[in-house]
Amino acid sequence: MKTCTIAFAGNPNSGKTTLFNTVTGSHHHVGNYPGITVERKEGTIKFADSQLNIIDLPGCYSLTAYTQEELVSRQVLVEERPDVVVNVVDATKLERHLYLTVQFLELGIPVVVALNMMDDVRSKGITINVEALSEALNSAVCPTVARNGEGKQELLHQAILSSEQHHGAWQPLRLSYGPDVDPVLDEMEQLIAKRSFLTTRYPARWTAIKFLEGDDDLIEKGAVDHQTTTELQQIVENLRVHCEKTLHTFPEAIIADYRYGFIHALLRKDVLTIPTTDARLDITDNLDKVLTHRVLGPSIMMFMLYAMFQITFALGDYPMQLLNRLFTLIADLAKTIVPPGHFQSMLVSGVIDGVGGILSFVPLIMIMFIMIAFLEDSGYMARVAYMMDKVFRTFGLHGSSVMPFIISGGIAGGCAVPGVMAARTLRSPREKLATILTAPFMPCGAKIPVFILLIGAFFAEYRALIMFSITLVAWIMALLVARLLRSTLIRGESTPFVMELPPYRWPTLQGVMIHTWERTAEYIKKAGTVILAISILLWAGMTFPGPSEQQLEAYQHQKQQLQVAISHSNTTQQRQILDISLGQLESQHSATILKNSAAGQLGTMLEPISKLAGFDWRTNIALLGGVAAKELIVSTLGTAYSLGEVESANTTTLSQRIAADPQWNKVAAISAMLFVLLYAPCFVTLVVMARESSWKWACFALIFNSSIAFLLATLVYQIGIRLS
Amino acid sequence: MICSLRQLKVHDKATVTTVNAGGEMGRRLRDMGLVIGTEIEIVGRAPLKDPVAMRLRGFTLTLRNNEADYIYVDMKEPSA
């Protein structure tokens, strides 16, 4: 059977991914290009006696070297040399989309143009002469409608045909760039050909053009032949000076002008006719009049974001609780099957709780991605960025940063795991990084029980006010720290907000589902392995080395005595009292184990420092546990106060204990709340952060966020103590 | 009348005469089709007056005001 490798390429919003999904169905897998967060989607299908390997290249507008998406696309084309590129273009915006097509043609790789969104073309009354276009581009052109699969068969036929005709040979298109550039380009091309400079991979003229465009990637690659690179750069410099002096422009601008000129001329030859219809007929324009209206726009946006948030967490709650119950059941089952001891403890507290913790996020992530996929595919997300940009830019962020912030808990009760993942919609790397690093400041659902516990102990009458202040502080901190990071560690010009507002469209169910499933599967796979390991490690840290032999002996002795007493007890009343004593003994034992564990010792060791912010060793252990998962703060505190297992939902007894503890007071409570709000993201978030940026930045967040939190908590505590 | 893109109001139509940006900024503008001779129409401004949305080559593009400063246009007289 013949095999044929096809790369799908096109502008963002061209329907490329929809077409890829339609063609490959579920037969594809998603990975990452090594070292970067750009996704690599591949699928294999059988079609007309051929096996087709299809690569979905990331959406890009051009083949320069400015964004990761563009670099990856280029690398795949040049290094993997697919047999043919299927260039998906939005036929209603042919002029702009052909700009990328022309660059493929200049590279010389065989191209089949998928003239997508033909349904819109027809409804808008645009006519395109497909044969004439095909002739002008010297490539096959196939009308398609990705959403319903129209033209799919013909497209694949043409792709196979094209690959058979070319046999892997590339025929670069030679465009003229006018009297100023052309002679220089010829000179460079000859030099490159003569020296065989990078010619194993790139056509000579392409290399020349890229040097004229000042392409960093290619100049870097050319460094192996230092002399040729220097000579070429000298030629480019001369032209640049000439262009600036006589034409007041740049070589790359001239190149772009001529490319558009070529497209313009090509479309004029009876290829494209656009009716001069009334703009009033355009649904998108009408919708935008309302949805981006000065007053209505932001109001509707606030409502949409709030609704989205509510739906995510309301719907996500049921499956989440179901999963929690399921894992409690499994844990109970394990307790009955496996004999008590370290192995049981590891299985229950390490493995089952760990896996349960990971999986309990899955419903949230799925629902959140359904929402985001819907907002993105419909075109509304771009409007949110458009409306919010002015505010967020002030802090070095991007209009699109609003979504990750809100999901992380910008409306109290979110979760930073899906929040950080939502930052994928940001196409600007610096803004994305700043967003990822600051989103975990938001009051996520797992931090809230801690706040409620402390509010219950000290500020019961101001509950609403304090919860509101916490959310406010989180936003202020996130934005200020983002500003700080953007003017120090992630310094750099804000990425230009040159963005397309795509027309509104109903998302396809298949598209939304595939998108959601891919992200969820990726989360389970990647987060699962790392977090399971960490979870076991943490269990060990909170169990070993354990109590001393005398303590253990004393515990077992007392336990035995109580058990004997229970078996001899005559009245139910007597029995109940003894049962309670046994429960208390076990809680005390848990507290002893915790205090003697590595975490406990660390907590005690840190007490002299943490006292500055008002935390004793018990709080320290709980906070250390909170790095694993914020849910653990309350339950660990419960164990440390010898209360046995404390449910997050029912903290009254713990709250009373804390209120009665002389170590605690109002100032310490505020300091603790501030610390919990801002300190290290939980491990699941850290793993996701590492996935979205790098481990370096995830570790940075761990240390940096904790430092900021401690600094502020100390400041508040010290000032508070002196004032009160 | 030649003026900066920033000065245009909603519904104004114009032709691009100069794109004064090099580097990444210039490249992004060119990739999106903002080259000399392109006809544009301002279709809206964000609620806080910035960014600006314009129509060109059959699609809608948004730009921040400080990015619009790089672009000079020849404004067409409003057709009454």
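Look above for the structure.
The residue numbering used here restarts from 1 in each chain and proceeds along that chain's sequence as written. Here the convention is simple: chains get letters from A, ligands get numbers from 1, in the order in which they are written. Residues qualify for local features only when their pLDDT is at least 70, as the model is predicted, and side-chain atom pairs are given and counted only at 80 or more; totals for whole chains, interfaces and linings, by contrast, use all residues.

Draft legend 1. Highlighting the overall build of chain A. Only runs of H or I of at least four residues qualify as helices and only runs of E of at least two qualify as strands under DSSP, and these elements are numbered from the N terminus. Looking only at helices and strands, one finds 31 helices and ten strands in chain A. Between the buried cut of 20 or more and the exposed cut of 12 or fewer other C-beta atoms within 10 Å of a residue's own C-beta lies the partly exposed class, and all C-beta atoms are placed from the backbone. Put simply, chain A has 724 residues, and 46% of those count as buried. Within chain A, contacts between residues separated by at least 24 positions form 72% of all contacts whose residues are at least 6 apart in sequence. The contact criterion used here is simple: two residues whose C-beta atoms, placed from the backbone, lie within 7 Å are in contact.

Draft legend 2. Main features of the interface of chain B and chain A. Taken together, the contact between chain B and chain A spans 31 residues of the former and 31 residues of the latter. Looking at the side of chain B that touches chain A, the elements with two or more residues in it are helix 1 (23-31), strand 3 (39-45) and strand 5 (59-63) of chain B. Here the side of chain B that touches chain A takes eight residues from helix 1 of chain B, the largest share from any one element. Note on residue classes: Ala, Val, Leu, Ile, Met, Phe, Trp, Tyr, Cys and Pro are nonpolar, Asp, Glu, Lys and Arg are charged, and everything else, Gly too, is polar. When its residues are assigned to classes, the side of chain B that touches chain A shows 15 nonpolar, seven polar and nine charged. Pairing analysis gives three bridges linking strand 10 (residues 499-501) of chain A to strand 5 of chain B, with the strands arranged antiparallel. If you follow A:L501 over to strand 5 of chain B, its bridge partner there is B:T60. Two strands are said to pair when DSSP picks up at least two bridges between them.

Draft legend 3. Seen up close, the sheet that holds strand 4 (residues 52-56) of chain B. Pairing in this open sheet of seven strands is antiparallel, and the strands run 10(A)-5(B)-4(B)-3(B)-2(B)-6(B)-1(B) from one edge to the other. The strands lining the two open edges of the sheet, one partner per strand, are strand 10 of chain A together with strand 1 (2-4) of chain B. In this sheet, adjacent strand axes meet at a mean angle of 45 degrees when their direction is disregarded. Only the contacting stretch of a helix is used when fitting its axis, a line to C-alpha atoms as for every element, and angles between N-to-C directions run 0 to 180 degrees. Against the sheet, helix 16 (residues 380-393) of chain A engages strand 10 of chain A together with strand 4 and strand 5 of chain B, with an angle of about 125 degrees to strand 10 of chain A.

Draft legend 4. Region of the structure containing the packing of helix 13 (residues 296-337) of chain A against helix 15 (residues 362-378) of chain A. All names here are of chain A. Orientation of helix 13 relative to helix 15, taken along the N-to-C sense of each, is 150 degrees, at an axis distance of 8 Å. Between helix 13 and helix 15, the interaxial angle falls into the category roughly antiparallel. In terms of crossing hand, the pair formed by helix 13 and helix 15 is right-handed. From helix 13, M308, I311, T312, L315, G316, P319 and M320 reach across to helix 15, where they touch P363, L364, I367, M368 and M371. Looking at the contact of helix 13 with helix 15, its residues break down into ten nonpolar, two polar and no charged. Throughout this description, any angle smaller than 35 degrees is read as roughly parallel, any larger than 145 degrees as roughly antiparallel, any in the 65 to 115 degree range as roughly perpendicular, and the remainder as oblique. Here a crossing is taken to be left-handed if its near helix is turned anticlockwise relative to the far helix by less than a right angle, and right-handed if that turn runs clockwise.

Draft legend 5. Fine view of unusual backbone geometry. Cis geometry marks the peptide bond from A:F544 to A:P545, where omega comes out at -5 degrees. The topology assignment puts A:P545 in the loop between helix 22 (509-541) and helix 23 (549-568). A cis geometry characterises the amide bond from B:D50 onward to B:P51, with omega recorded as 0 degrees. By the secondary structure assignment, B:P51 is in the loop between strand 3 and strand 4. Its identity is not glycine, yet A:A48 carries a phi of approximately 45 degrees, on the positive side. With respect to the helices and strands, A:A48 occurs in the loop between strand 3 (39-47) and strand 4 (50-56). We classify A:A48 as exposed; it has 10 C-beta atoms within 10 Å. Even without being glycine, A:H167 reaches a positive phi, approximately 50 degrees. Assignment of secondary structure puts A:H167 in the loop between helix 6 (152-166) and helix 7 (178-195).

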